[in-house]
There are 2 protein chains.
Amino acid sequence: MKLNNTSQYAIRILAYIADHKEKKLLSAAELSTALVIPYKFLTKIMTELVKADFIKSIRGREGGFKLQKSASEIKVDDILNVFNDSIKEEECILGIGFCNGMCKCALHDQWMEPKLLMQKIFQESSLEDIAGRGCKI
Amino acid sequence: MKLNNTSQYAIRILAYIADHKEKKLLSAAELSTALVIPYKFLTKIMTELVKADFIKSIRGREGGFKLQKSASEIKVDDILNVFNDSIKEEECILGIGFCNGMCKCALHDQWMEPKLLMQKIFQESSLEDIAGRGCKI
DNA sequence: TCCAATTACTACTACTAGGTAGAATTTAAA
DNA sequence: TTTAAATTCTACCTAGTAGTAGTAATTGGA
Ligand code: SF4
Ligand code: SF4
């Protein structure tokens, strides 16, 4: 019951970039060191984040990464979606099938509360929220 | 963000057994057919459930499985623990480290609410609750 | 006693997530 | 123009989860 590793890395990477927008560009080496994420794995994730259009990459010497959109436009849920890790409406905790509202298991009603809360948190929290407050990660 | 397959199977198996206590014993073949779980995989899970002392097995001809404890004594969380799938107090959604109450990320306070709710549901829901109500699975 | 129905054990395969290695490509600075 | 610093691409390795295969052990009933 947790987000997968890659999603967690991605959130931390993007939050870190959002938190350092005074710097024009951040290199993969810099991010890898600061966030303690294996360099080679980080570069792989970066490529996916570029393809997902969250960040822009500048290749070559003095290159690096920066946000492509404003931090408030990127929601946690958007990030999770890239790594197939968001909370799907139709997926069920007990894996019995699809929630059709007709046939409910005994845990259904109880389960909807935390499920909706998590969806809400993910959908409404933007990078700006994460980057601007709390301890830096 | 979901329970792993084996946990889901285990919950359904135990709920089914609890729901059919009028039968003395249920065989692996019967469970496999009723719950549409691959026979060989099911027998593997059964062995773990026996070792975890949730069910008792009777070997040999006319053998099968039955609950070892009363359905109200077996909580969902106990089942999840066997398959290393419960929500750990010290594990964090963002995977930054340990929640020490000193240093909190921006999502921490929001996250505690669904986390505690889920823990509560798992810890307080017993097989009896699941088996007695809702659609049969 | 023997057989067939049953669980238990051991070992394997398939798939996926996480991570690594090395080379190709791009680009600014020297 | 050359070089070094950077991203990108392709291919692989590793560990864990899901699932399969075959056989051994147990036991009630014919
Ligand atoms: S009714 Fe229960 S098993 Fe079915 S989708 Fe809802 S929570 Fe899952
Ligand atoms: S403060 Fe945030 S990152 Fe740290 S344990 Fe709590 S939810 Fe996780």
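Details of the structure are given in the entry above.
Residues numbered from 1 in each chain as written. Chains lettered and ligands numbered in written order. Predicted model: local features only at pLDDT ≥ 70, side-chain atom pairs only at ≥ 80, totals over all residues. Heavy atoms only, no water.

What to know about the protein's contact with DNA strand C
Spelled out, the test is: Being near a molecule or strand, for a residue, comes down to having at least one heavy atom within 4 Å of it. Here a polar contact means two N or O atoms within 3.5 Å. Within protein one must be a hydrogen donor candidate and the other an acceptor candidate, and residues neighboring in sequence count only if both atoms are side-chain atoms. Here a strand is any run of E in DSSP of at least two residues, a helix any run of H or I of at least four, and the numbering for each starts at the N terminus. As a working rule, the residues Ala, Val, Leu, Ile, Met, Phe, Trp, Tyr, Cys and Pro are called nonpolar, Asp, Glu, Lys and Arg charged, and the rest polar, with Gly in that last group.
Around DNA strand C sit 25 residues in total, of which T6, K40 and K44 of chain A together with A28 and S57 of chain B are the nearest. The share of sugar and phosphate among atoms of DNA strand C within 4 Å of the protein is 63%. Between DNA strand C and the protein, one listed contact pairs a base oxygen with a backbone N or O atom of G60 of chain A at 3.4 Å. One of the side-chain nitrogen or oxygen atoms of R59 of chain B is found 3.4 Å away from a base oxygen of DNA strand C. Elements supplying a minimum of two residues to the surface near DNA strand C: α1 (5-19) and α3 (39-51) of chain A together with α3 (39-51), β1 (55-58) and β2 (64-67) of chain B. In the surface near DNA strand C, the residues fall into 7 nonpolar, 10 polar and 8 charged.

Details of the packing of aromatic side chains
To describe a pair of aromatic rings, you give the distance between the ring centres and the angle between the ring planes. All names here are of chain A. Going by this rule: Aromatic contacts are taken between Phe, Tyr and Trp rings whose centres are within 6.5 Å, Trp giving its six-membered ring; a plane angle under 30 degrees counts as stacked, one over 60 as edge-to-face, and the others as tilted. Each residue's exposure class comes from its accessible area (1.4 Å probe, protein chains only) as a fraction of the maximum for that residue type: buried when under 20%, exposed when over 50%, partly exposed otherwise.
Evaluated as defined, the whole model comprises 2 aromatic pairs over all chains. Both rings, one in Y9 and one in F41, keep their centres 5.8 Å apart while their planes meet at 75 degrees; by these two values the pair is edge-to-face. Here F41 lies in helix α3 and Y9 lies in helix α1, a separation of 32 residues in the sequence. Note on F41: relative accessible area 31%, which makes it partly exposed.

Focus on the pattern of salt bridges
Rules: When a carboxyl oxygen of Asp or Glu is within 4 Å of a side-chain nitrogen of Lys or Arg, the pair counts as a salt bridge.
Going through the model one piece at a time under the given rule, you end up with 4 salt bridges over all chains. K23 of chain A serves as the salt-bridge partner of E30 of chain A, at 2.5 Å between the closest nitrogen and oxygen.

Details of the interface of chain B and chain A
How we decide: Here a residue-residue contact requires only that any non-hydrogen atoms of the pair lie within 4.5 Å. Using a 1.4 Å probe, buried area is obtained as the accessible area two parts lose upon being combined, added over both of them.
Across the contact, 35 residues belong to chain B and 35 residues belong to chain A. Between chain B and chain A, roughly 3200 Å² of surface is buried when both sides are summed, and carbon and sulfur atoms account for 73% of that area. Counting across the chain B and chain A interface gives 0 residue pairs in polar contact (both at pLDDT 80 or more). Broken down by secondary-structure element, the contributors of at least two residues to the side of chain B that touches chain A are α1 (5-19), α5 (108-124) and α6 (127-132) of chain B. Counting residues per element, the side of chain B that touches chain A draws most heavily on α5 of chain B, at 8 residues.

With respect to the relation of the copies chain B and chain A
Rules: Here the copies are superposed with least squares, the fitted atoms being C-alpha atoms of residues at a pLDDT of at least 70 in both.
Least-squares fitting of chain B to chain A yields an RMSD of 0.1 Å, with the transformation described by 0.1 Å of translation along the axis and a rotation of 180 degrees. Both copies of the chain, as the preceding transformation shows, are related through a two-fold rotation axis. No C-alpha of chain B lies nearer the rotation axis than that of P114 of chain B, which sits 2.3 Å from it. Mapped onto chain A, 100% of the interface residues of chain B are again interface residues, and the two copies thus contact each other with one and the same surface.

Quick notes on the packing of helix α2 (residues 28-35) of chain B against α3 of chain B
Residues and elements named next belong to chain B. Rule in force here: Lines fitted to C-alpha atoms define the axes here, with helix axes fitted over just the stretch in contact, and angles between the N-to-C directions of these axes take values from 0 to 180 degrees. Note on angle classes: values under 35 degrees are labelled roughly parallel, values over 145 roughly antiparallel, values of 65 to 115 roughly perpendicular, and the remainder oblique. Take the far helix as your reference; a near helix turned counterclockwise from it by less than a right angle gives a left-handed crossing, and one turned clockwise gives a right-handed crossing.
Between α2 and α3, the shortest axis-to-axis distance is 9 Å and the interhelical angle comes to 120 degrees. Classified by the angle between their axes, α2 and α3 sit oblique to one another. Remark: the crossing between α2 and α3 carries right-handed chirality. Every residue of α3 that contacts α2 at A28, A29, L31 and S32 is listed here: Y39, L42, T43 and M46.

Some details on helix α5 (residues 108-124) of chain A
Put simply, the rule reads: A helix is expected to reach a length of 1.5 Å times the quantity of its residues less one.
Compared with an ideal rise of 1.5 Å per residue, which puts 17 residues at 24 Å, α5 of chain A spans 24 Å between its outermost C-alpha atoms and is within 8% of the ideal. For α5 of chain A, every residue scored as buried is listed here: H108, W111, M112, P114, K115, L117, M118, Q119, I121 and F122 of chain A.

Here's the deal with α2 of chain B
Think of an α-helix as turning once every 3.6 residues; residues three or four places apart then point the same way. Residues and elements named next belong to chain B. Formally: This arc describes the spread of directions from the helix axis toward the C-beta atoms.
If you check which residues of α2 are buried, you get A28, L31, S32 and L35. For α2, the arc enclosing every buried residue in end-on projection is 100 degrees, short of the 170-degree limit, so these residues lie on one face. Structurally, α2 contributes buried residues whose contacts are with α1, α3 and β2. V36 sits one or two residues past α2 and shows a positive phi near 50 degrees.

Some details on the protein's contact with DNA strand D
Residues in contact with DNA strand D amount to 25 residues; listed here are only the nearest, A28 and S57 of chain A together with T6, K40 and K44 of chain B. A share of 62% of the atoms of DNA strand D within 4 Å of the protein falls on sugar and phosphate groups. One of the backbone nitrogen or oxygen atoms of N5 of chain B is found 2.8 Å away from a phosphate oxygen of DNA strand D. Measuring from a base oxygen of DNA strand D, one finds a backbone N or O atom of G60 of chain B at 3.4 Å. Elements that contribute at least two residues to the surface near DNA strand D include exactly α3, β1 (55-58) and β2 (64-67) of chain A together with α1 and α3 of chain B. Among the elements that take part in the surface near DNA strand D, α3 of chain A stands out by supplying 4 residues, more than any other. When grouped by side-chain class, the residues that make up the surface near DNA strand D number 7 nonpolar, 11 polar and 7 charged.

Just distances and angles here, no functional claims.
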